[in-house]
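These are the residues of each chain, in order.
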Amino acid sequence: MRRDFRLYELSDDDFEDLCVKISVEWLGEGVTPFAPGPDGGRDGKFTGKANKFPSESEPLEGMAVLQAKHSASPIASYSDTSFQRALKKEEYPRIKKLVSDEMCEHYILFGNRKLTGGAEKKIHKELMALGLKSAHITGVERLNLELESKPNLAKSLPNARDVQPFTFQPDDIIEVISALHTYSDAHIDEAFDSAQSLTPFRLSPRRTP
């Protein structure tokens, strides 16, 4: 299971900072971040030939705009109707103007939202209709993957040292139920004694990730 870096806990500024750092890795040192404030649809920009985005064999070249959209919800999705409505009302007109002003050829949208294939296809089609040469939507799955592959970047997150909440994984629950079932079969007379100690239940040790 992919590790969750709890990006919803970050502030908007911290999330933008993370997206800029990832952009420098993907695009190059030419990435220019913008200070907080009215951004006109841009949190950063890049002009030139990318290092390795979207691939090393076919990197984008030209003027790219970076936009970060942070959500404080752990279940936020690109499929959310309210988010898609906000894109159409607020972001698309800004992008269209940037394209018209010859300030944007490629658009990279970062969000700590779940990205389904259907939502990606829909938003990509809408972005391309604005006159872009290419559009790229980055979801929380891709951001978590990037952080997982770059420990130093993950350690730089403001919440990296916070104690993570205790959670059950599906396999943990299955293991507990299996242990209870095995014990009850072997000790049928006392298996449902409410005063019974849980000591006899044997759970296999789990490796710490």
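The preceding data block contains the structure.
Residues numbered from 1 in each chain as written. Predicted model: local features only at pLDDT ≥ 70, side-chain atom pairs only at ≥ 80, totals over all residues. Heavy atoms only, no water.

1. Section: the pairing of strand S5 (residues 134–138)
Move 1: Taking burial as the measure, the five residues of S5 include five buried ones, the bulk of the element.
Move 2: Here S5 shows no split at all, with Ser-134, His-136 and Thr-138 on one side and Ala-135 and Ile-137 on the other all buried.
Move 3: Pairing of strand S4 (residues 106–111) with S5 involves five bridges; the strand directions are parallel. What sits directly across from Tyr-107, in S5, is Ala-135.
Move 4: In the classification by handedness, the crossover that spans S4, the intervening helix H3 (residues 117–128) and the parallel S5 is right-handed. (Buried < 20%, exposed > 50% of the residue type's maximum accessible area, 1.4 Å probe, protein only. Helix = DSSP H or I, 4+ residues; strand = E, 2+ residues; numbered from the N terminus. Pairing = 2+ DSSP bridges. Right-handed = clockwise from strand over helix to strand, strands pointing away.)

2. As for the layout of surface pockets
Move 1: Looking at the second largest pocket, its volume works out to about 290 Å³.
Move 2: Every residue lining the second largest pocket is counted, 13 residues in all, and those nearest its centre are Asp-4, Pro-74, Lys-114, Val-140 and Asn-144. (1 Å grid on protein atoms, 1.4 Å probe; cavity = no way out; pocket = protein on both sides within 12 Å on 5 of 7 lines; lining within 4 Å. Points joined across faces, edges and corners; volume = space filled by probe spheres on them.)

3. Some words on the pattern of salt bridges
Move 1: Tallied over the full model, the rule gives 12 salt bridges.
Move 2: Of the charged contacts in the structure, one is a salt bridge between Glu-25 and Lys-52, with a shortest N-O distance of 2.9 Å. Here Lys-52 lies in the loop between strand S2 (44–49) and strand S3 (61–69) and Glu-25 lies in helix H1 (residues 12–26), a separation of 27 residues in the sequence.
Move 3: When its relative accessible area of 34% is taken as the criterion, Glu-25 is described as partly exposed.
Move 4: Under the relative-accessibility criterion, Lys-52 is labelled partly exposed at 29%.
Move 5: Residues participating in the shared-partner salt-bridge network are Lys-69, Glu-91 and Arg-94. (Salt bridge = Lys/Arg side-chain N within 4 Å of Asp/Glu carboxyl O.)

4. Focus: helix H4 (residues 140–149)
Move 1: Every buried residue of H4 is accounted for by Val-140, Leu-143, Asn-144, Glu-146 and Leu-147. Taken down its axis, H4 places every buried residue within 160 degrees of arc, on the same side.
Move 2: Lining the buried residues of H4 we find H1, S4, S5 and helix H5 (151–155). (Arc of directions from axis to C-beta. Contact = heavy atoms within 4.5 Å.)

5. Thoughts on unusual backbone geometry
Move 1: Pro-54 follows Phe-53 through a cis peptide bond whose omega is 0 degrees.
Move 2: Considering the arrangement of structural elements, one finds Pro-54 in the loop between S2 and S3.
Move 3: The phi dihedral of Arg-6 falls on the positive side, at around 50 degrees, and the residue is not glycine.
Move 4: Inspection of the secondary structure puts Arg-6 in the segment before H1.

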